Amino acid sequence: MDEANLASIARSLIADGRGILAADESTGTITKRFDGIGVESTEENRRSYRELLFTTPGLGEFVSGAILYDETIRQAATDGTPIPALLAKQDIHPGIKVDTGAKPLAGSAEETVTEGLDGLRERVAEYHGLGARFAKWRAVIKIGDRIPTPYCIEANAHALARYARLCQDGGLVPIVEPEVLMDGDHDIDRCDAVTTETLHVVFAALHRQGVSLEGMLLKPNMVISGKDCSRQADVDEVAERTVRCLRRTVPAAVPGIVFLSGGQSEQVATAHLNAMNAKFGGQPWALSFSYGRALQDGALKSWKGSADNTQAAQTSLATRAKLNSAAAKGAYTGEAA
Ligand code: 13P
């Protein structure tokens, strides 16, 4: 493992208030997003949509990395430039989703474990050859009546650590993503307790498997009320409790924490990140973004599958990227509703 190189890539991903564009939707997920705007999910439509995102003028000023799906990292822009090279031209590191999805966890009716370890060493080598410099693996922890079970958290943490170690051995910076879902009517206390437990177990597994903390990034959920909870915690409470939870669980050696948006609206996701940095700045790690929906929602709606709307869609993405980068510095001042 080349620890110095990994640490240097990890630091560059969170330097200067930049963050990450998650554009690694699997074919199933992007098809759902395209259904929402009435666009057929063909390989060509997926390619041209991703080309639109990655050729957004000035994107590299606010975005340091873009996470790709297996199909996308093998595609090229209209002029023949391979997608990883297209990103590199904007000073954006290409990243790759390497898990194969959350599958039913044997012995637990409602829970999942994320798969994708088989053949991972070889896939990491191939992706590195295609230009990838970092990777992502998402574990899913669901809150419900008697879940999550310790078994589910352990199984997912073990897989995350195996993934992270394999990536580091192959020269990719792993983004470790244990997502506690916001689906459900649980309150913020329950999200806090489950997130705290999950992060403790994940960092114990990372330690046991010899993962270099300096050469990784953490991608967690925020500590937030369940979507259907009758009491919705406000922006300041989410910021305070998220930072407190992370201070108790994430070692200072980790260079950066890049949040997922998880179903928050674009504006709320930006406001939460900003409040953390504006009110609780000076933490041992940078606090930035690795948003999917909270960066792309407006762009998708503007695009609607037509090349005529390219500029409007790119303007939407560039605006969100700029606002989130301001939030990563605690300098977001809001926007017209
Ligand atoms: P969202 O920001 O839409 O949650 O997506 C981020 C991501 O990469 C989830 O794995």
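What you are looking at is a predicted structure, and each value in this text was computed from that prediction instead of being measured. (Residues numbered from 1 in each chain as written. Predicted model: local features only at pLDDT ≥ 70, side-chain atom pairs only at ≥ 80, totals over all residues. Heavy atoms only, no water.)

**Things to note about the site of the ligand**
To keep it simple, the criterion reads: Here a residue counts as near a molecule or strand whenever at least one of its heavy atoms sits within 4 Å of it. N or O atoms closer than or at 3.5 Å make up a polar contact, with two conditions inside protein: a donor-capable atom paired with an acceptor-capable one, and, for residues adjacent in sequence, both atoms drawn from side chains. Helix and strand assignments come from DSSP, with helices taken as H or I runs of at least 4 residues and strands as E runs of at least 2, each series counted from the N terminus.
Inspection of the region around the ligand gives 13 residues, with Lys136, Lys219, Ser261, Gly262 and Arg293 positioned closest. Here an oxygen atom of the ligand and a side-chain polar atom of Ser261 are 2.4 Å apart. Within the backbone of Gly262, one N or O atom sits 2.7 Å away from an oxygen atom of the ligand. If you list the elements that add at least two residues to the shell around the ligand, you get strand 6 (134-141) and strand 10 (286-291).

**Some details on the side chain of Lys136**
Convention followed: Relative accessibility decides the category of a residue: with a 1.4 Å probe and only protein chains considered, values under 20% of the type maximum give buried, values over 50% give exposed, and everything between is partly exposed. It only takes one pair of heavy atoms within 4.5 Å for two residues to be counted as in contact.
In this structure, Lys136 sits in strand 6. Residue classification places Lys136 among the buried positions, given a relative accessible area of 6%. Polar contacts involving the side chain of Lys136 include one to the side chain of Asp24, which spans 2.7 Å. Those residues within four positions of Lys136 in sequence are excluded, and the remaining contacts are Asp24, Ile67, Ile96, Lys97, Val98, Asp99, Tyr163, Ile175, Glu177 and Lys219.

**Structural notes on the packing of helix 3 (residues 43-54) against helix 11 (residues 293-303)**
Defined as follows: All axes are obtained by fitting lines to C-alpha atoms, using only the stretch in contact for helices, and the reported angles, taken between N-to-C directions, cover 0 to 180 degrees. Our angle categories are set so that under 35 degrees counts as roughly parallel, over 145 as roughly antiparallel, 65 to 115 as roughly perpendicular, and the remainder as oblique. Each helix crossing is assigned a hand: it is left-handed if the near helix lies turned anticlockwise from the far helix by less than a right angle, otherwise right-handed if that turn is clockwise. Residue polarity follows a fixed list, in which Ala, Val, Leu, Ile, Met, Phe, Trp, Tyr, Cys and Pro are nonpolar, Asp, Glu, Lys and Arg are charged, and the others, Gly among them, are polar.
Put simply, helix 3 and helix 11 touch, their axes get as near as 12 Å, and they point 120° apart. For the element pair helix 3 / helix 11, the angle class is oblique. In the crossing of helix 3 with helix 11, the sense of the turn from one axis to the other is right-handed. From helix 3, Asn45, Ser48, Tyr49, Leu52 and Leu53 reach across to helix 11, where they touch Gln296, Ala299, Leu300 and Trp303. Across the contact of helix 3 with helix 11, the residue classes break down as 6 nonpolar, 3 polar and no charged.

**So, a negative patch on the surface**
Put simply, the test is: Patch definition: residues above 30% relative accessible area lacking any salt bridge, with like charges linked at up to 9 Å and the nonpolar side chains Val, Leu, Ile, Met, Phe, Trp and Tyr linked at up to 5 Å. The Shrake-Rupley method, run with a 1.4 Å probe, gives the accessible areas here. Residue values count only the displayed protein chains as cover. For this analysis, a salt bridge means a side-chain nitrogen from Lys or Arg found within 4 Å of a carboxyl oxygen belonging to Asp or Glu. When charges are tallied, Lys and Arg are placed among the positive residues and Asp and Glu among the negative ones, while His and the ends of the chain are skipped. All charge positions are set by atom: Lys at NZ, Arg at CZ, Asp at CG, Glu at CD.
Residues Glu110, Asp145, Asp185 and Asp228 make up a contiguous surface patch of negative charge. A relative accessible area of 55% places Asp228 in the exposed class.

**So, the pairing of strand 7 (residues 173-180)**
This is how the line gets drawn: When the strands point away from the viewer and the path from the first strand over the helix to the second turns clockwise, the crossover is right-handed. We call two strands paired when DSSP finds no fewer than two bridges between them.
Most of strand 7 sits out of view: 8 of its 8 residues are buried. Judged by which residues are buried, strand 7 turns out to be covered on both faces: Val173, Ile175, Glu177 and Glu179 on one side and Pro174, Val176, Pro178 and Val180 on the other are all buried. Taken together, strand 6, helix 7 (residues 150-169) and strand 7 constitute a β-α-β crossover, and its handedness is right-handed. The sheet contact formed by strand 7 and strand 8 (residues 217-218) spans 2 bridges and is parallel. Counted as the bridge partner of Ile175 is Leu217 from strand 8. With respect to chirality, the unit in which strand 7 leads through helix 8 (residues 188-208) into the neighbouring parallel strand 8 is right-handed.

**Some points on the side chain of Gln90**
Inspection of the secondary structure puts Gln90 in the loop between helix 5 (83-89) and strand 3 (93-97). Judged by its relative accessible area of 18%, Gln90 falls in the buried class. Setting aside chain neighbours within four positions, we find Gln90 in contact with Phe54, Thr55, Thr56, Gly58, Leu59 and Gly60.

**A word on the packing of aromatic side chains**
The geometry of an aromatic ring pair is captured by two quantities: the separation of the ring centres and the angle between the planes. Just so we agree on the cut-off: Classification of ring pairs uses Phe, Tyr and Trp, with its six-membered ring standing for Trp, and accepts pairs whose centres are within 6.5 Å; under 30 degrees between planes counts as stacked, over 60 as edge-to-face, and the remaining range as tilted.
Taken as a whole and assessed by the stated rule, the structure comprises 5 aromatic pairs. Between Phe34 and Tyr49 the ring centres are 5.7 Å apart and the planes differ by 85°, which places this aromatic pair in the edge-to-face class. Note that Phe34 is positioned in helix 2 (residues 27-36) and Tyr49 in helix 3, a separation of 15 residues in sequence. Residue Tyr49 is classed as buried on the basis of its relative accessible area of 0%. Through a chain of ring-to-ring contacts, three or more aromatic side chains come together here, namely Phe34, Tyr49 and Trp303.

Interpretation in functional terms is not warranted from these geometric data alone.
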